[in-house]
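Residue strings, one per chain:
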Amino acid sequence: RVARERRAGGGAGLITAGDDRVGAATLPDRLGRLALAVIDHRTGRVPRPAWCTYLVCNRCNARCGMCDSWRLPRGRELSPEAVSRVFTELGPLDVVRLSGGEPFLREDLAEVAVAVHEAARPLVLHVTTNGSLPERVLRFAAGFPAPRRLRFLVSFDGMPTTHDESRGKAVTFARALETVRGLVALRAEGLDVSANHTVISRRSLEDHDALRDTLGALGVEVQVVLAYAETAMYAVSRRGTRADDLASHDRYPLHPALAGADCAGFVERLARDAERLSPALRAAKRYYLDGLHQRLTGVARPAPRPRCVALRSHVRLLPNGDVPVCQFNTEIVGNLTTQRLDDLWRSQLAAEHRAWVDACRGCWAECEVIPSGIYTGDLLHHTAARAARRAIGGAKRGRGPRT
């Protein structure tokens, strides 16, 4: 029923703020909606959003070399009441990612997160933080009403010297590690914590093993992304534009500080290390890393290469309620504080931007790639094909000599 109503343009208000039945009880509905989304993407129809990336603020206390969030004007930020209205309009969602800037610079982030939870009832509420404000993070985590839906991702650029030089004196390795330790102590409540290693330089790359071992001792998995040269979302000169030159299906626009580093060899090793990860994360990471390795090594037609689900299953939301196209095209499609989702989603302007998405050569930004892999079914296909190749290879190795 939920799947049918979402396809028909319904969904908002199907689940009330006090309804705790969403989750296991509605898993068949959600799986059905996922199946319908896969069909929609394969047949060219436009589903309603199922995954939302919400930048709650531009403000940031870090001074990272790969991001200009701290240079962007603060602008208007949605109040918790406005967030409730916007996410009620969006309706039930599978995943909501709260990002920034640094989300915890918002003193009302707890109210914002509760508003999202009550209005959209996501299966996963994912919060990305630089970990510089451990007291706020831990107070937020301890007070959130549905801890089993919380996923924290704490960002590191390397070990202490590398990290502190990259991020600045307000965002230290020691503070980020304190945040991780505090969240680890709360895992019994059901929340999950992992770390993200942004490889920003050759020295940052060399720090990876030590960082993995340091956090692994706490039982914390370390994910990795290679820093981009820039994007239209986080480069101040590119915000509001189409960065067509950076979105290319056959290459990866590495940050200049990584020039000369053996990034392809590093990614190949990461793919082997993915065996350590939990099963669901392992499948997603293999998918991302396989595609990344092919782009770093210059494969002519790299795979995987899913159809992009930007402005379909994946919607981005800026701090003031604006809806941009994606990370590499931040032209604005509309604003959910002044427009109904259906009006925005079905507008001629949205159709024109989707035509741009369909013609785009394709980026390999993980935050775009993973939703695309999920909602087109390509991640499942890749995982199954990989398992089949492995089984065939094992069978061949297991054959004895013919007699």
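See the structure above.
This report concerns the structure included in the present document. Within every chain, residues take consecutive numbers counted from 1 along the sequence as written. Local features in this predicted model are restricted to residues whose pLDDT is 70 or higher, and side-chain atom pairs enter the listing and the counts only when it is 80 or higher, whereas totals over whole chains, interfaces and linings include all residues. For side-chain calculations, the full set of non-hydrogen atoms in the structure is used, while hydrogens and water are omitted.

**Regarding helix H9 (residues 208-216)**
Then, in step 1: Between buried and exposed lies partly exposed: a residue is buried under 20% and exposed over 50% of the maximum accessible area for its type, with that area taken using a 1.4 Å probe on protein chains only. Helix and strand definitions follow DSSP, with helices as H or I runs of at least four residues and strands as E runs of at least two, each counted in order from the N terminus. Within the sequence span of H9, burial applies to His-208, Leu-211, Arg-212 and Leu-215. Across the axial projection of H9, the buried residues extend over an arc of 100°, all falling on one side.
Then, in step 2: Those residues of H9 that are buried lie in contact with strand E4 (150-156), helix H7 (173-185), strand E5 (192-199), helix H8 (202-206), strand E6 (222-226) and helix H10 (263-273). Arc definition: it is the arc formed by the directions from the helix axis to the C-beta atoms. Every residue pair with non-hydrogen atoms within 4.5 Å of one another is taken to be in contact.

**Description of the pattern of salt bridges**
Then, in step 1: In the sections that follow, a salt bridge refers to a side-chain nitrogen of Lys or Arg positioned within 4 Å of a carboxyl oxygen of Asp or Glu. Under the criterion given, the structure shown has 28 salt bridges.
Then, in step 2: Here Arg-212 ties to Asp-209 by a salt bridge, and the two come within 3.6 Å at their closest N and O atoms. You can see Arg-212 and its partner Asp-209 sitting in helix H9, three residues apart, about one turn around the helix.
Then, in step 3: Residue classification places Arg-212 among the buried positions, given a relative accessible area of 17%.

**Remarks on the sheet that holds E5**
Then, in step 1: Read across the sheet, seven strands follow the order E6-E5-E4-E3-E2-E1-E7 without closing on themselves; strand pairing throughout is parallel. With partners counted over all chains shown, the strands left at the sheet margins are E6 and strand E7 (314-317), one partner each. Within this sheet the neighbouring strands show an average axis-to-axis angle of 20°, counted without direction.
Then, in step 2: For two strands to count as paired, DSSP must find a minimum of two bridges between them. Examined bridge by bridge, strand E1 (residues 51-55) and E7 share four bridges and lie parallel to one another. Paired with Tyr-54 across the two strands is Leu-317, which belongs to E7.
Then, in step 3: Axis definition: a line fitted to C-alpha atoms, over the contacting stretch in the case of helices. Angles run 0 to 180 degrees between N-to-C directions. Where helix H3 (residues 80-90) meets the sheet, it contacts E1, strand E2 (95-99) and E7, and its direction lies at approximately 160° from that of E1.
Then, in step 4: Where helix H14 (residues 366-375) meets the sheet, its contacts fall on E1, E2, E6 and E7, and the angle it forms with E7 comes to roughly 150°.

**Some thoughts on unusual backbone geometry**
With the exception of glycine, most residues fall at negative phi, and the peptide bonds are largely trans.
Then, in step 1: With an omega of 20°, the peptide bond between Gly-100 and Gly-101 qualifies as cis.
Then, in step 2: One non-glycine residue, Arg-121, lies in the positive phi region at around 45°.
Then, in step 3: Of note, Arg-121 is situated in the loop between helix H4 (109-120) and strand E3 (124-129).
Then, in step 4: At Leu-311, a position not held by glycine, the phi torsion is positive, near 65°.
Then, in step 5: Turning to its location among the elements, Leu-311 is positioned in the loop between helix H11 (279-296) and E7.
Then, in step 6: On the accessibility criterion, Leu-311 (1% relative accessible area) is buried.

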